[in-house]
Amino acid sequence: MKNNRLISRRKALITGLASVGGIFLPGCSKKLPPSYGNILRMGDTLTYAAHRILLPGQSLAKEYSHKDISSFPAIGTTDPGDPENPDSSEIYRNLQKDRFADWRLSIEGLVAKPEPFSLADLKRIPSRTQITRHTCEEGWTAIGEWTGVPLSRVLDAVGILPTARFITFYSYDGWVDCIDMLDALHPQTILAYGMNGRDLPIPHGAPVRLRVETQLGYKSMKYLERIVVEDKFNDGGEIGSIQLGWSWYAGI
Ligand SMILES: Nc1nc2c(c(=O)[nH]1)N[C@H]1C(S)=C(S)[C@@H](COP(=O)(O)O)O[C@H]1N2
Ligand SMILES: [Mo]
């Protein structure tokens, strides 16, 4: 009895959110990612809807000054080229030898001109530098300076098609993650190749990592390999972390 009520309430909530989406999230109403059948995970959808309704799309995360820069631990994979690492990649190991001269970031999917970018290509696009606070889901924070190219400029260069809604990122250590277009086009969402005024170090995701300042740290994927523009949320399937219970939206 109690359970039934819970389920029907949950259904009402989902329907309610979908219609909220219809009003406030143009184009997203039918595209809201699933809640993965777990009542606890409903919070992701709530956070997403609340952020999308309450925060103006392009509101900036706080930026700090040089004196605020802190020590910064490297977490998760710290070298995908290390053969001791179970997720190690031989391709990455070879790229490392040439200091990433042969690294290419492919951008595929719903784009007019699918095009691989070298590090030099990315550096030719006007960059952005930002000092921001990284918040890890494990409970620590750190402040660092990031330099890179706004993802919006790269997406402009390849020409995203009108049906594009989400962007999926693939890393050399096997990580997959996905963000929506509002976060993708956010001015502080950058493909970072510099940290604290130097080339991005390997433990922090060399040669290029994503910085998504509007979400928790695990969304800022390191060791980028491939970007795919899609019309729906991609949970990464079996290799994705979402089905293991990680939030698909981790807004902060
Ligand atoms: N490819 C990849 N990206 C990743 C991770 C990872 O292990 N592999 N860890 C994530 C987590 S949980 C955090 S907190 C940050 C850590 O970034 P840092 O090592 O620069 O501190 O990267 C995120 N991006
Ligand atoms: Mo994290």
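Residues numbered from 1 in each chain as written. Chains lettered and ligands numbered in written order. Predicted model: local features only at pLDDT ≥ 70, side-chain atom pairs only at ≥ 80, totals over all residues. Heavy atoms only, no water.

Engineer: I would appreciate a short explanation of the site of ligand 1 in the present structure.
Structural biologist: In the vicinity of ligand 1 there are 22 residues, among which Pro73, Asp173, His204, Arg209 and Lys222 approach most closely. Pro73 places a main-chain nitrogen or oxygen 2.7 Å from an oxygen atom of ligand 1. Asp173 is positioned with one of its side-chain polar atoms (N or O) 2.7 Å from a nitrogen atom of ligand 1. Grouping the amino acids of the shell around ligand 1 by side-chain chemistry returns eleven nonpolar, seven polar and four charged. (Near = heavy atom within 4 Å. Polar contact = N/O pair within 3.5 Å; in protein donor to acceptor, adjacent residues only side chain to side chain. Nonpolar A, V, L, I, M, F, W, Y, C, P; charged D, E, K, R; others polar.)

Engineer: Whenever I open this one, the pairing of strand β6 (residues 176-180) confuses me. Can you help?
Structural biologist: One face of the sheet, then the other: side chains in a regular strand alternate in exactly this way. Counting buried residues along β6, five of its five residues qualify, which places the element largely inside the surrounding structure. By the alternation rule, side chains of β6 split into Val176, Cys178 and Asp180 and Asp177 and Ile179, which are all buried. Here strand β5 (residues 166-171) runs beside β6; their pairing, made up of five bridges, is antiparallel. From the neighbouring strand, Ile167 faces β6, where its bridge partner is Ile179. Between the end of β5 and the start of β6, which pair antiparallel, lie four residues, with Gly174 showing a positive phi angle near 90°. (Buried < 20%, exposed > 50% of the residue type's maximum accessible area, 1.4 Å probe, protein only. Helix = DSSP H or I, 4+ residues; strand = E, 2+ residues; numbered from the N terminus. Pairing = 2+ DSSP bridges.)

Engineer: Explain the packing of aromatic side chains to me, please; I cannot follow it from the model alone.
Structural biologist: The description of two aromatic rings rests on the distance between their centres and on the angle between their planes. Under the criterion given, the structure shown has twelve aromatic pairs. Look at Phe72 and Trp146: their rings are 5.5 Å apart centre to centre, the planes differ by 90°, and that puts the pair in the edge-to-face class. Pair noted here: Phe72 is in the loop between α2 (42-54) and α3 (90-97) and Trp146 is in strand β4 (residues 141-150), with a separation of 74 residues, a long-range link. The exposure class assigned to Phe72 is buried, which follows from its relative accessible area of 14%. Judged by centre distance (5.8 Å) and plane angle (80°), the rings of Phe166 and Phe233 are edge-to-face. Within this pair, whereas Phe166 is found in strand β5, its partner Phe233 is found in the segment after β10 (224-230), the two being separated by 67 residues in sequence. Phe233 carries the same exposure label as Phe166, and that label is buried. In this structure, Arg226 packs its charged tip against the face of Tyr170, placed 4.2 Å from the ring centre. (Phe/Tyr/Trp six-rings, centres within 6.5 Å; stacked < 30°, edge-to-face > 60°. Lys NZ or Arg CZ within 6 Å of the ring centre and 35° of its normal.)

Engineer: What should I look at first to understand the pattern of salt bridges in this one?
Structural biologist: Any two side chains of opposite charge can pair if their charged atoms end up close together. The final tally for this structure, using the stated rule, is nine salt bridges. For Asp180, the salt bridge identified is with Arg52, shortest N-O distance 3.0 Å. With a gap of 128 residues between them, Asp180 in strand β6 and Arg52 in helix α2 connect regions that are remote in the sequence. Here the two residues Asp180 and Arg52 agree in accessibility, since each one is buried. The partner of Asp177 in a salt bridge is Lys219, and the shortest N-O contact between them spans 2.7 Å. In this pair, Asp177 is assigned in strand β6 and Lys219 in the loop between β9 (209-211) and β10, connecting sequence segments 42 residues apart. Of the two residues, Asp177 and Lys219, both sit in the buried class. Each of Arg52, Asp180 and Asp183 takes part in one network of salt bridges that share partners. (Salt bridge = Lys/Arg side-chain N within 4 Å of Asp/Glu carboxyl O.)

Engineer: How should I be thinking about the sheet that holds β6 in this particular structure?
Structural biologist: Each strand in a sheet pairs with its neighbour through backbone hydrogen bonds, running either in the same direction (parallel) or in the opposite one (antiparallel). Taking strand neighbours across the sheet as the criterion, the five strands line up as β2-β1-β10-β5-β6 in an open arrangement whose pairing is mixed. Edge positions in the sheet fall to β2 (115-117) and β6, since each of these pairs with one other strand and no more. Direction aside, neighbouring strands of the sheet carry axes that sit 20° apart on average. Along the sheet, helix α5 (residues 151-158) makes contact with β1 (105-109), β2, β5 and β10, crossing β2 at roughly 145°. (Axes fitted to C-alpha atoms, helices over the stretch in contact; angles between N-to-C directions. Contact = heavy atoms within 4.5 Å.)

Engineer: Sorry if this is basic, but what is going on with the confidence of the model for the protein here?
Structural biologist: Residues shown with low pLDDT carry predicted positions that ought not to be read at fine detail. Summarising the model, the protein shows a mean pLDDT of 86, and 85% of its residues fall at 70 or more. The low-confidence segment residues 1-30 (pLDDT under 50) makes 23 contacts with residues lying over four places distant or belonging to another chain. (pLDDT = per-residue confidence, 0-100.)

Engineer: I keep staring at the nonpolar core and nothing clicks. Help me out?
Structural biologist: If you look at soluble globular proteins, the nonpolar side chains tend to sit buried side by side. Judged by nonpolar contacts, the single largest core of 34 residues is most densely connected at Trp103, Ile167, Phe169 and Leu191. Those elements giving two or more residues to this core turn out to be α3, β1, α4 (119-124), α5, β5, α6 (181-184), β7 (190-195) and β10. If one sorts the elements of this core by residue count, α5 sits on top with four residues. Excluding anything up to four places from it in sequence, Phe169 contacts Leu151, Trp175, Val176, Asp177, Ile179, Leu210, Met221, Leu224, Arg226 and Ile227. Residues Cys136, Trp140, Ile190 and Met195 belong to the second largest nonpolar core, which totals nine residues. (Core = buried A, V, L, I, M, F, W, Y, C linked by side-chain atoms within 4.5 Å.)

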